[in-house]
Amino acid sequence: MPLPIADYALIGNTRTAALVGRDGSIDWLCLPRFDSAACFASLLGTPEHGRWLVAPAGEIKEIKRRYRPGTLILETDFTTVEGQVRLIDCMPLWPGRSDVVRLVQGIKGCVPMRMDLRIRFDYGSIVPWVHSLEGGLAAMAGPDALELRTIVNLHGEDFKTIADFSVIEGQLIPFVLSYFASHEPPPLPIDPFASVNAATVWWESWSKHCTYHGPWLDKVQRSVITLKALTFAPTGGIVAAPTTSLPEQPKGIRNWDYRFCWLRDATFTLYALLSSGFRQEAAAWREWLIRVAAGRPQDLQILYGLAGERRLHETSLGWLPGYQGAAPVRIGNAASEQFQLDVYGEVMDALHLTRIAGLDPEAHAWEIQKVLMDFLESSWQRPDNGIWEVRGGPRHFTHSKMMAWVGVDRAVKAVERFGLDGPVERWRELRGRIHAEVCERGFNPELGSFVQSYDSTRLDASLLMMPLVGFLPPKDERVRGTVEAIERELLQDGLVLRYVTSGEVDGLPPGEGFFLPCSFWLVDNLAMLGRHDEAYRLFERLLLFGNDVGLFSEEYDPRARCLLGNFPQAMTHVALVNSAGHLSSGTDPSRHRRMGSENGYAFP
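These notes cover the structure that comes with them. (Residues numbered from 1 in each chain as written. Predicted model: local features only at pLDDT ≥ 70, side-chain atom pairs only at ≥ 80, totals over all residues. Heavy atoms only, no water.)

Overview of the side chain of S579
1) Next: Secondary-structure assignment places S579 in helix α14 (residues 570-585).
2) Next: Polar side-chain contacts of S579 include one of 3.3 Å to the backbone oxygen of F520.
3) Next: Among residues more than four places away in sequence, those in contact with S579 are F520, V523, D524 and F539. (Helix = DSSP H or I, 4+ residues; strand = E, 2+ residues; numbered from the N terminus. Polar contact = N/O pair within 3.5 Å; in protein donor to acceptor, adjacent residues only side chain to side chain. Contact = heavy atoms within 4.5 Å.)

Digging into helix α11 (residues 477-489)
1) Next: Between its first and last C-alpha, α11 extends 18 Å over 13 residues, near the 18 Å set by a 1.5 Å rise per residue.
2) Next: All of the buried residues along α11 are V479, G481, T482, V483, A485, I486 and E487.
3) Next: The inward-facing, buried residues of α11 contact β23 (449-450), α10 (465-468), β24 (491-492), β25 (495-496) and α12 (516-528).
4) Next: The residue sitting at the N-terminus of α11 and contributing the capping side-chain oxygen is D476; that oxygen lies 2.7 Å from the backbone nitrogen of R478. (Expected span 1.5 Å × (residues − 1). Buried < 20%, exposed > 50% of the residue type's maximum accessible area, 1.4 Å probe, protein only.)

Quick word on the packing of helix α4 (residues 266-275) against helix α5 (residues 279-293)
1) Next: Direction vectors running N to C along α4 and α5 enclose 160 degrees, while the axes themselves pass 8 Å from each other. In terms of orientation, α4 and α5 fall into the roughly antiparallel class. Crossing of α4 against α5: the hand is left-handed. Residue-level contacts link A266, T269, L270, L273 and L274 of α4 to R279, E281, A282, W285 and L289 of α5. (Axes fitted to C-alpha atoms, helices over the stretch in contact; angles between N-to-C directions. Parallel < 35°, antiparallel > 145°, perpendicular 65-115°, else oblique. Left-handed = near helix turned anticlockwise from the far one by under 90°.)

Considering the packing of aromatic side chains
1) Next: Enumeration over the complete set of coordinates arrives at 21 aromatic pairs.
2) Next: Between W216 and F539, the ring centres sit 4.7 Å apart and the planes meet at 70 degrees, which makes this aromatic pair edge-to-face. With W216 in the loop between α2 (192-207) and α3 (217-229) and F539 in helix α13 (residues 532-543), this residue pair connects regions lying 323 residues apart in the sequence. Comparing W216 with F539 shows no difference in burial state: the two are buried.
3) Next: Ring geometry for W288 against Y304: centres 6.3 Å apart, planes inclined by 80 degrees, an arrangement best described as edge-to-face. Here W288 is found in helix α5, whereas its partner Y304 is found in strand β19 (residues 303-304), with 16 residues between them in sequence.
4) Next: Its relative accessible area of 0% is what places Y304 among the buried residues.
5) Next: Three or more aromatic residues link up through ring pairs in this structure, and these residues are W202, W203, W206 and F278.
6) Next: Sitting over the face of the ring of F339, R382 holds its NZ or CZ atom 3.9 Å from the ring centroid. (Phe/Tyr/Trp six-rings, centres within 6.5 Å; stacked < 30°, edge-to-face > 60°. Lys NZ or Arg CZ within 6 Å of the ring centre and 35° of its normal.)

What to know about the pairing of strand β1 (residues 8-12)
1) Next: Summarising burial for β1: five of the five residues are buried, a large majority.
2) Next: Residue alternation in β1 divides its side chains into two sets, Y8, L10 and G12 and A9 and I11, and both sets are buried.
3) Next: In the sheet, β1 pairs with strand β2 (residues 17-21) via five bridges, with the strands oriented antiparallel. Bridging across to β2, Y8 finds its partner in G21.
4) Next: Between β1 and β2, which pair antiparallel in sequence order, lie four residues; one of them, T14, sits at a positive phi of approximately 60 degrees. (Pairing = 2+ DSSP bridges.)

See below:
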């Protein structure tokens, strides 16, 4: 059985990433990109679906792990009856190649060790042809090849590669696994020790640019390092998570592929990067966003591949039993084919934010935005699948209509505050019309709250974004009533549900964990309502749901006390950074989105 999700840590090279368990096993790795087929897939099955274990051979008395400060270099200390050994895991950041370096360092005594390598290409379905090399081995099947180099003796055993060795105090034993396309020559060997040192220096230098200096510096820094690790450096895209099909409910079917880039996350991600000092990453994300938004506006998708790929056909991998039995295992994502109105507002909002932050103007951005506005004018009244990508049929979701308003509002502000050209009077009239309709049909007077969709009685945590995007002032009685209604109906065990999943709305069996960003949005709302003590208490509680190395998943189950969903989740880390910044500075979380450049948020 795979480990609990909280027992994994992330290493990566800003092109792909691996999950390393507390037991020393790499159970998930896709090469050479985040969305490539996995060569280690035991996370979603068994060791026979691929893994790379390096650990003490005997009984382990204690395990402690940490990242080197300011880096993505993982250190795991194993204490055994024979002594103590440290496993150092790293993916160097050399351009144009993908390597995993594992160093076994003797700390005390003489510790017997075992390496168990099971390469299984194509998500565990293909056993490669393996042959020995001087100082290692090579494995090949179809388009993929791996080369392992080490100083210890290797031998084959039942379609796996084994090494039994011992490490003494002061000794360092290296392992380097390198990927290459099978039709190309193997890459030149790298120096494992110099590579780890170079990666350490690179991450330390990068993370020092963080401008946050509040009481949660360690948490914020770890979150922005995680966001950087989830960035696909060649294009600037940021994946939602490096994994697929980690379930939202134990043994459930809500298992989705998150190794893609969502437009919906654009503004929150930009704000997190800009407010913490990472303007270069924000600019790269802006450029990615503009490239994928180009084209016919009716073809705009909610998510794309790392380079803007549009065909993300969803299929199931029947040979994988799923994480702890949660099936099916899916690759691709059918939500890419849905119509979701809110993403038009997200794109408009994100580009508005880059102007406020003073990023260098992009020549084609406004032209693309005007085309998007043409589409919004003609299509904002269409039902859609909503922010949660429901599979129970389109509806007039209140959040979607609100985000249509956001799109029009940012177009108006582009003309008013930045002097860009456009039919501002027509847009102002449209903005008012959408606002009036949302307030009439999206608000339920009997509940005193906005609701999930027009003329319904269901609540939805996405409504917490209403003051964050500036649709209504934070202390408007309708906003206050919505926050209070969500606290009554969706706040359980101290966390916020997205919505009640029973019923026909999402077209799936009920049941899931608590989507963690929703609770961070409640933190922001409480702060804006002046309920600062409650906001601080909830934020501090949310910080407890990260694992021992500071990583957060998509969801959490407070009763079973376990992480759920894909891991680590970019949006959760984004929400943490934003809430920490708001609470530390006293900044109104909605101010930068409502205002223009002359009186908006002052980014570093």
